[in-house]
Amino acid sequence: MSKILIVDDSPSQLYYLRKMVEQGGHKAVTVESGEKALEIAANEQPEAILMDIVMPGMSGYTATRKLNKTQKTRHIPVIFVTSKDSEADRSWGMRQGAREYVTKPVNPNILLTAISAAVAA
């Protein structure tokens with residue numbers, strides 16, 4: 001069982017993603033902002049982070065760049081989980097340091113496969 005940090009500003013998305021992660025046999029920790037994600041990632045050391053991109057305050061792109069530049073969190077794989085589904089968005093997201101990119105509405109099988117691949121890498 002891996003600990004997965006879920007970052008999304010939507011309470012309904014947090015609920016839905018938490019349910020999927022837990023049904024996949026993982027432990028879920030949820031936060032509603034990029035700023036809080038940085039703090040929790042450093043303290044909790046999750047095995048992977050599911051990161052929304054569009055959030056008030058710090059975007060998922062910025063949070064991911066900061067996570068990747070910080071010694072204590074750079075090893076944690078980030079999976080973008082977002083409604084931004086163009087090829088340009090996907091390419092930019094991967095260049096920000098994400099390991100995987102999953103679009104909403106989320107298919108549970110795709111998400112759990114992405115988590116398994118990120119945790120195993």
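Anything mentioned here points back to the structure above.
Residues numbered from 1 in each chain as written. Predicted model: local features only at pLDDT ≥ 70, side-chain atom pairs only at ≥ 80, totals over all residues. Heavy atoms only, no water.

## Details of the packing of helix 2 (residues 34-44) against helix 3 (residues 60-69)
Orientation of helix 2 relative to helix 3, taken along the N-to-C sense of each, is 25°, at an axis distance of 9 Å. When the axis of helix 2 is compared with that of helix 3, the two are roughly parallel. Where helix 2 crosses over helix 3, the handedness of that crossing is right-handed. Between helix 2, through Gly34, Leu38 and Ala41, and helix 3, the contact on the second element is made entirely by Ala63, Lys66 and Leu67. Residue composition of the contact of helix 2 with helix 3, by class: four nonpolar, one polar and one charged. (Axes fitted to C-alpha atoms, helices over the stretch in contact; angles between N-to-C directions. Helix = DSSP H or I, 4+ residues; strand = E, 2+ residues; numbered from the N terminus. Parallel < 35°, antiparallel > 145°, perpendicular 65-115°, else oblique. Left-handed = near helix turned anticlockwise from the far one by under 90°. Contact = heavy atoms within 4.5 Å. Nonpolar A, V, L, I, M, F, W, Y, C, P; charged D, E, K, R; others polar.)

## Digging into the packing of aromatic side chains
Here the structure, examined in full by the defined rule, presents three aromatic pairs. With 6.4 Å between their ring centres and 85° between their planes, tyrosine 61 and tryptophan 92 make a pair best called edge-to-face. One end of the pair, tyrosine 61, is in helix 3; the other, tryptophan 92, is in helix 4 (residues 87-95), and 31 residues separate them in sequence. A relative accessible area of 37% places tryptophan 92 in the partly exposed class. With a centroid separation of 6.2 Å and 70° between ring planes, the pair formed by phenylalanine 80 and tyrosine 101 is classed as edge-to-face. With phenylalanine 80 in strand 4 (residues 78-82) and tyrosine 101 in strand 5 (residues 100-103), this pair connects stretches of sequence that are 21 residues apart. Put simply, the rings of Tyr61, Phe80, Trp92 and Tyr101 pair up and form one aromatic cluster. (Phe/Tyr/Trp six-rings, centres within 6.5 Å; stacked < 30°, edge-to-face > 60°. Buried < 20%, exposed > 50% of the residue type's maximum accessible area, 1.4 Å probe, protein only.)

## A closer look at the environment of valine 54
Along the chain, valine 54 turns up in the loop between strand 3 (48-51) and helix 3. For valine 54, a relative accessible area of 53% puts it in the exposed group. If we ignore the near neighbours within four places in the chain, the residues touching valine 54 are Asp9 and Lys84.

## Here's the deal with the pattern of salt bridges
Evaluated as defined, the whole model comprises six salt bridges. Here lysine 104 makes a salt bridge to aspartate 52, at a shortest N to O gap of 3.5 Å. Residue lysine 104 is found in the loop between strand 5 and helix 5 (108-120), and its partner aspartate 52 is found in the loop between strand 3 and helix 3; the two are separated by 52 residues along the sequence. Under the relative-accessibility criterion, aspartate 52 is labelled buried at 5%. Among the ionic contacts, a cluster of salt bridges with common partners joins Asp8, Asp52 and Lys104. (Salt bridge = Lys/Arg side-chain N within 4 Å of Asp/Glu carboxyl O.)

## Some thoughts on the sheet that holds strand 2 (residues 27-31)
Strand pairing in a sheet is mediated by backbone hydrogen bonds. Such pairs are either parallel or antiparallel. An order of 2-1-3-4-5 is seen for the five strands of this open sheet, with the pairing classed as parallel. Every interior strand has two partners, whereas the edge strands, strand 2 and strand 5, have only one. Averaged over all pairs of adjacent strands, the angle between strand axes in this sheet comes to 20°, irrespective of strand direction. Pairing between strand 1 (residues 3-7) and strand 2: five bridges, direction parallel. Looking at strand 2, one finds that isoleucine 4 is bridged to alanine 28. Helix-sheet contacts for helix 2 involve strand 1, strand 2 and strand 3, and the interaxial angle to strand 1 is about 170°. Sitting on the sheet, helix 5 touches strand 1, strand 3, strand 4 and strand 5, and the angle it makes with strand 5 is about 170°. (Pairing = 2+ DSSP bridges.)

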